[in-house]
Amino acid sequence: MKCTRCRAKAEVHLRAHNAGFCRPCYLTYFRRQVERAIAGDRMCITAERVLVAVSGGKDSLALWDVLIDLGYQTTGLYLAQGIGGYSDRSRQKVEAFASARALPLRVVDLADEGPGLAIPDVAALTRRSACSACGMLKRHFFDEAALAGEFDVLATGHNLDDEAARLLGNVLRWQVDHLVRQRPVLPPTHPRFVRKVKPLHLLSEYETAVYAFMRGIDYVVEECPNSVGATQLLYKDALNRLEAASPGTKLAFVREFHRRGQPAITARAEDDQRPPQTCARCGMPSWGDVCAFCKLVAEIETKRARGVTGPAA
Ligand code: SF4
Ligand SMILES: [Zn+2]
Ligand SMILES: [Zn+2]
């Protein structure tokens, strides 16, 4: 196959786009897709300060790399979750990426926060699943870091496969409130929130992997051990089968949801959308008197004071 742009020998074939690219043209294509997503959804401008949440995986490091290339002022944010060797290895990748490029990086170590919030401890003490504890803590510390550092915008590396799987999950249960909030740009709904953006939301996992490979980005290949058996993976598998039979399905599913599905749902749901209140304990946005994070911390403090250590691992 020949490169769609320059007719040289193609190194990558994108069935969803019915296009092939040589290496230089692929890198140009990828950057343009990100540029178009940012401009099309007014995610951010180069004068703004962007906090990039990085996990050490290919998507978030590819995002950081391309944002720098596009001229954005970025700082990385890494949340050390305390998930054994996986967290150690992912932290190493993030730190090596940042130091090789002399980029600013903030690290939040959950074990050092509040009463000690490493994911396995929180999950054991509160009997939540690791992923539910992790999701909530990520939201809290991302918001807090963005606010403390006076960033204009928080960028995450969610790709098309992530968004399609999330959309499928939300549609299967018709979770209208989740569908309303599943956007590539979330404007702040509280003075202590910053805008949240997903510049890779229309680029597939395969496309970001190819970009990371071509750019020589050294990322953590293993998945978080808690992702094994996650429903999200089942949805991804189902979508991959649909994609193999009909290339472009995932892109159409997500893109047309944003173009047509979401505006229709949002218009109906708008009356139900109330802005968050303010947490009486920490002052961050909250859906009740006290936010979910402060409730979790209070629960852990009480259990630690009573000497509860949680079930043996
Ligand atoms: S798989 Fe679960 S625990 Fe692991 S990073 Fe994802 S949400 Fe967190
Ligand atoms: Zn080419
Ligand atoms: Zn709070």
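Look up a bit, the structure's there.
Residues numbered from 1 in each chain as written. Chains lettered and ligands numbered in written order. Predicted model: local features only at pLDDT ≥ 70, side-chain atom pairs only at ≥ 80, totals over all residues. Heavy atoms only, no water.

(A) Local environment of the site of ligand 1. Around ligand 1 sit Q81, I83, C131, C134, K138, C224, N226 and S227, and that is every residue in its neighbourhood. Looking at the shell around ligand 1, its residues break down into four nonpolar, three polar and one charged. (Near = heavy atom within 4 Å. Nonpolar A, V, L, I, M, F, W, Y, C, P; charged D, E, K, R; others polar.)

(B) Quick look at the nonpolar core. Counting residues in hydrophobic clusters, the biggest one holds 44 residues, and the most contacted among them are F21, Y26 and F30. With near-sequence residues (within four places) excluded, F30 lies in contact with V66, L200, L203, E207, T208 and Y211. (Core = buried A, V, L, I, M, F, W, Y, C linked by side-chain atoms within 4.5 Å. Buried < 20%, exposed > 50% of the residue type's maximum accessible area, 1.4 Å probe, protein only. Contact = heavy atoms within 4.5 Å.)

(C) Summary view of the side chain of K198. With respect to the helices and strands, the residue K198 is situated in the loop between β8 (195–197) and α8 (205–214). Setting aside residues no more than four positions away along its own chain, K198 makes contact with M43, T156, H158, E163, R166, R183 and P184. (Helix = DSSP H or I, 4+ residues; strand = E, 2+ residues; numbered from the N terminus.)

(D) Structural detail: helix α11 (residues 292–305). Between its first and last C-alpha atoms α11 spans 20 Å; for 14 residues at 1.5 Å apiece the expected length is 20 Å, and the two agree. When we look at burial in α11, the residues that qualify are F293, C294, L296, V297, I300 and K303. Tucked inside the fold, the buried residues of α11 contact α4 (119–126) and α5 (130–148). Looking one or two residues past α11, G307 carries a phi angle of roughly 80°, positive in sign. (Expected span 1.5 Å × (residues − 1).)

(E) View of the sheet that holds strand β3 (residues 49–53). Pairing is mixed across the open sheet formed by six strands, whose spatial order is β5-β4-β3-β6-β8-β7. Sheet topology places β5 (105–109) and β7 (185–186) at the edges, where each strand pairs with a single neighbour. Alignment of β3 against strand β6 (residues 153–155), held across three bridges, turns out to be parallel. Each bridged residue has a counterpart across the sheet, and for V52 the counterpart in β6 is A155. (Pairing = 2+ DSSP bridges.)

(F) Layout of the pattern of salt bridges. Enumeration over the complete set of coordinates arrives at 23 salt bridges. One salt bridge in this structure joins E48 and R195, with 2.8 Å as the shortest N-O distance. Separated by 147 residues along the polypeptide, E48 in the loop between α1 (23–40) and β3 and R195 in strand β8 bring together distant segments of the chain. Judged by relative accessible area, E48 falls into the buried class, the value being 15%. (Salt bridge = Lys/Arg side-chain N within 4 Å of Asp/Glu carboxyl O.)

(G) Expanded view of the coordination of the zinc ion (ligand 2). The protein atoms that coordinate the zinc ion (ligand 2) are C3 (SG), C6 (SG), C22 (SG) and C25 (SG), at distances of 2.3 Å. Each of the four donor atoms bound to the zinc ion (ligand 2) contributes to angles spanning 99 to 118°, and the resulting shape is tetrahedral. As a motif over one chain, the donors of the zinc ion (ligand 2) read C-x2-C-x15-C-x2-C. Remark: C25 occurs in helix α1 and C3 occurs in the segment before β1 (12–14); sequence separation between them is 22 residues. Assessed through its relative accessible area of 0%, C3 is described here as buried. Under the relative-accessibility criterion, C25 is labelled buried at 8%. (Donors = N, O, S within 2.8 Å, 3.2 Å for Na, K, Ca; no water. Tetrahedral: all angles 85-135°; square planar, octahedral: opposite > 155°, others 65-115°.)

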